[in-house]
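Here is how the chains run, residue by residue.
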Amino acid sequence: MRFDTVIIGGGLAGLTAGIALQREGKSTAIISTGQNALHFFSGSFESVVEKNERMIDFFAKAGIPLHYAPGVRLMPLGSFRPSALCLEDTDIFPTAKVGSKVLIVNFMGYHDFFSTFLAEGLEKEGMQCRIRLLDLPELEPLQRSPGGMRSVQMARILDPIWEKFVQEVRLLIKDEDIVVIPQVFGLKDPSTPGLIREDLPVRAIFAGTLPPSVPGIRTQQLLGRNYERLGGTYLKGDHALRALTKDNRIIGVSTKNLDRHYLKADTFILASGSYFSKGLRSNPFEITEPVFDLDVNYSPERSDWYNPKFAADQPYMHYGVKTDENLHAIKGGTVIQNLYAIGSVMGVSHPRFGFGAGLAIRSAFHVTDQIVQESKV
Amino acid sequence: MIKNTHTMNPNEFDVIIIGGGITGAGTQRDCAMRGLKTLLIERSDIATGATGRNHGLLHSGARYAVNDSESAEECIRENRILRKIAAHCIDETGGLFITLPEDDPEYQNTFVESCLRAGIEAEVIDPELARRWEPTVNQNLTGAVKVPDASIDPFRLCAANMLDAKLRGGQVRLHTTVTGFIKEGDTVRGVHTRNAQTGQVNDFYARIIVNAGGVWAQEIAAMAGAQISLYPAKGSLLIFAHRVNKHVINRCRKPSNADILVPGDTVCIVGTTSSRIPLDACDEVAVTPEEVNLLITEGSKLAPVLSSTRILRAYAGVRPLISTDKDDSGRNITRGFVILDHESRDGIKGLVSICGGKLTTYRLMAEKTTDLLCRKLGNEKKCMTAVSPLPGSEEGSYEKVAQKIWETPSTAQKAAAFRMGTRAFRMRSSDRWNDALVCKCEEVSVGEINGAIERMDASTLTDLRRRTRLGMGPCQGEFCACRAAGLLAASHGCIDREREDLNQFLQERWKGNFPIGWGDTLREAEYTQWVYKFVLGL
């Protein structure tokens with residue numbers, strides 16, 4: 001199998017790169033383990049503060065409307081954080097005073113949504129809060145199963161009955177001008193949160209839950225579908241094993257499912273994420289990049305890897321593969337001209353590209369632009 | 001029933017016990033069973049000192065048989081008693097003492113003879129049989145001896161003793177610090193205390209006060225003007241993510257570093273190291289990288305698979321060893337226990353200290369201490385703790401308990417019966433809300449968490465961890481901490497306090513994780529950073 005570009009990693013960075021290249025008429029493949037940071041995506045595009053028209057347009061074409069409104073958003077434990085660019089169902093407000101009276105609705109037996117923390121956070125900002133629990137009979141099978149009441153399982157049941165949910169919430173509203181709802185809607189049908197919002201007599205805020213994140217999984221599904229519709233080869237549930245190298249260029253990459261067969265391409269993009277996604281691997285003595293064995297910047301002294309205070313910034317999270325300024329990867333001190341690194345495999349933050357979703361998308365654009373440019377020369 | 005209570009004011013007791021470790025809890029239970037009105041004061045939570053920071057090994061005494069026959073005899077006697085009275089805290093694993101090619105082959109004979117002399121059933125078995133019984137044991141072993149070691153849950157044991165004392169009228173004040181003694185001349189009459197969570201200040205009075213402060217006993221005694229010389233010895237241990245062994249595995253040689261591997265519930269624990277540390281360093285002991293390396297290297301000699309098994313957590317405890325002399329020479333250090341009557345030693349009346357000892361012999365320590373208290377108070381009741389089962393252990397095995405409650409118990413229900421013993425009967429009436437799992441790794445349900453909050457004085461996440469095993473499994477409290485924080489917040493109603501509690505829980509978890517921060521542990525740690533800092537916004 002031969003492609004213009006093979007991408008290792010199917011998270012936000014890898015999918016963005018794949019879609020961008022397919023839209024430019026390139027043939028690409030994405031090797032995806034299925035486990036990536038979108039599973040705990042907050043819905044906010046961290047570190048994007050400017051009105052990035054390119055991002056907004058890019059996601060709109062994939063059926064994911066974003067909204068830009070610099071302000072603050074409500075966190076799942078009741079605090080407010082600055083945010084500018086978000087998914088449609090993640091709200092941003094000019095200030096933390098989002099209303100005067102708030103009704104917080106949760107489901108009976110759901111412990112992954114923190115209504116008391118939210119109430120306290122909102123009360124600190126001068127709002128009055130009331131918490132009410134809904135007991136929908138449709139959720140009973142989940143309530144009876146010990147690990148049943150989790151975001152994704154609930155979303156599967158709740159999406160088709162959203163109108164009934166709205167009716168029940170209507171009955172609970174007294175004189176409130178805001179209602180806060182767990183973000184467990186719109187897994188299969190992305191329009192559900194918008195429909196709920198339109199149908200409620202007061203403003204609805206969807207507040208985050210414990211992972212898995214419903215908006216994150218929805219985003220991954222929409223991006224994946226868009227990538228496949230554009231003709232991309234999406235190798236789900238597979239992972240890259242090792243690379244075939246010749247004259248300091250990558251020739252191919254082998255994967256677990258393709259046995260000894262190599263995926264060949266002109267260029268390769270490493271978007272395999274950090275430790276969590278196994279893009280970086282660690283043992284007591286070293287931190288390595290397992291597919292290409294790229295150079296990783298880290299301290300040889302293990303005691304330097306950590307700050308003993310959990311709340312402090314952790315040095316190990318800043319370790320990642322070394323690149324040149326155009327994000328070509330480096331191995332044994334030498335730049336590999338047809339291999340790029342994007343996203344958090346470079347470390348949690350990057351001086352030019354930011355961190356989180358911002359890092360993933362900006363670095364993906366930076367690399368795909370180069371690949372497209374070079375192919376035109 | 002309790003005597004003389006009508007004549008006492010609510011802040012007056014027969015006995016005040018300082019220290020909520022197993023010694024204090026055991027002493028309170030014994031006192032309560034003899035009809036004394038007791039108050040136990042603990043500055044933090046139950047079992048936060050050496051009680052909760054060891055292997056969780058119910059010694060057969062075999063380890064001490066060669067060098068310390070008195071301790072060995074005490075251990076085997078208490079071992080047999082605890083199997084009866086604390087069945088729900090004990091996993092009857094049995095133990096093996098293995099000889100490796102580098103060990104002195106003669107030691108096995110001396111070892112077995114010493115065991116038999118102390119009354120410990122030690123049986124030499126064919127190395128081949130040992131390999132069959134214990135497939136993960138070092139296959140190069142040249143000898144094996146079977147002994148009646150077992151695994152014991154110190155948190156559960158401590159909580160059960162305290163619960164029984166409470167059922168008999170005893171009072172417990174956790175998160176309460178003794179700030180000073182109330183003295184009249186040369187007699188100690190009571191204590192000044194301060195609640196660490198609320199800041200509330202209280203005075204309590206007693207006819208006699210027991211100092212069971214473990215490694216902090218020296219500081220406590222000094223506040224009353226009495227002197228104790230402790231020699232704190234730090235021991236570090238590692239918890240592995242899987243239970244690789246069925247039996248307790250020991251090295252058949254003179255006690256040394258990292259030569260015991262104890263299975264416990266879903267995990268196993270290897271340890272320990274031993275190094276003397278200054279008394280003022282006991283509050284914050286950290287495991288060093290060198291200790292981690294030593295524990296992995298030596299532990300892998302017991303079970304080679306450990307070199308590639310994920311480590312969940314590193315932790316350290318401080319043994320409260322004691323010198324009975326006042327000369328500070330340190331020559332007379334014993335692994336046994338001593339009861340110090342400060343009246344005869346220092347001329348200070350109304351204060352007794354109990355120091356040293358081992359988890360396995362806690363009941364005997366409590367019995368001897370309570371005997372002394374009763375002599376002083378003129379109480380003639382006999383000790384009954386050796387024959388009276390602890391709450392939860394009345395029915396024997398947890399399988400039996402689970403079957404009595406639920407006809408066909410689920411894994412989660414069996415786990416609950418294992419942790420709570422007969423107290424799991426309270427869960428029978430559970431509705432659909434109570435069965436939901438808070439902690440997936442250890443299968444801890446909403447009902448069990450609420451039970452620990454309502455009936456077992458749990459007021460923080462780490463309290464819950466000690467009482468229910470919440471967050472002790474492979475994910476080390478990734479999400480269950482947050483879920484349980486929601487339940488705690490609902491019970492005490494103070495969100496700020498709960499947010500701080502969650503921060504402290506995560507800090508405590510990180511403290512045990514970063515010394516072993518690589519591989520899956522580092523993956524989990526990174527995930528936690530993302531979830532709590534960026535997703536939840538703690």
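Since the model is a prediction, treat every value here as computed from it, not as a measurement.

A. Main features of the domain arrangement of chain B. Residues and elements named next belong to chain B. What the domain assignment reports for chain B is domain 1 (5-49 + 155-227 + 327-377), domain 2 (89-152 + 231-322) and domain 3 (430-536). One C-alpha centre belongs to domain 2, the other to domain 3; they are set 29 Å apart. Between domain 2 and domain 3, the residue contacts involve 15 residues of the former and 18 residues of the latter. When the two sides are added together, the surface that domain 2 and domain 3 hide from each other amounts to roughly 1,300 Å², 49% of it contributed by carbon and sulfur. Summed over the shared surface of domain 2 and domain 3, the number is three salt bridges. Between Asp 265 and Arg 469 there is a salt bridge, with the nearest N and O atoms lying 3.0 Å from each other. Our count for the contact surface shared by domain 2 and domain 3 stands at five residue pairs in polar contact (both at pLDDT 80 or more). Of all the secondary structure elements, the ones that give two or more residues to the side of domain 2 that touches domain 3 are α7 (289-302) and β18 (311-323). In terms of residue count, the dominant contributor to the side of domain 2 that touches domain 3 is β18 (four residues).

B. Spatial organisation of unusual backbone geometry. Residue A:Pro212 is reached from A:Pro211 by a cis peptide bond, and omega for that bond is 0°. As for its position among the elements, A:Pro212 is in the loop between β8 (203-207) and α8 (214-229). Geometrically, the link from B:Gly271 to B:Thr272 is a cis peptide bond, its omega value of -10° lying close to zero. Within the fold, B:Thr272 resides in the loop between β16 (267-271) and β17 (275-276).

C. Geometry of the nonpolar core. A:Phe45, A:Tyr316 and B:Leu464 are the most contacted members of the largest nonpolar core, which has 116 residues in total. The dominant element in this core, judged by the number of residues it contributes, is helix α9 (residues 356-376) of chain A, at nine residues. Residues contacting A:Tyr316, with those up to four places away along its chain left out, are A:Tyr275, A:Trp305, A:Tyr306, B:Trp510, B:Leu522, B:Ala525, B:Glu526 and B:Gln529.

D. A look at the side chain of A:Gln314. In this fold, A:Gln314 is placed in the loop between β15 (296-297) and β16 (320-321). Among the polar contacts listed, one links the side chain of A:Gln314 to the backbone nitrogen of A:Asn307, at a separation of 2.9 Å. Every residue in contact with A:Gln314, bar those within four places of it in the chain, is listed here: A:Trp305, A:Tyr306, A:Asn307, A:Lys309, B:Trp510 and B:Gln529.

Cut-off values and rules
Residues numbered from 1 in each chain as written. Chains lettered and ligands numbered in written order. Predicted model: local features only at pLDDT ≥ 70, side-chain atom pairs only at ≥ 80, totals over all residues. Heavy atoms only, no water. Domains from an automatic or database assignment. Contact = heavy atoms within 4.5 Å. Buried area = accessible area lost by both parts, 1.4 Å probe. Salt bridge = Lys/Arg side-chain N within 4 Å of Asp/Glu carboxyl O. Polar contact = N/O pair within 3.5 Å; in protein donor to acceptor, adjacent residues only side chain to side chain. Helix = DSSP H or I, 4+ residues; strand = E, 2+ residues; numbered from the N terminus. Core = buried A, V, L, I, M, F, W, Y, C linked by side-chain atoms within 4.5 Å. Buried < 20%, exposed > 50% of the residue type's maximum accessible area, 1.4 Å probe, protein only.

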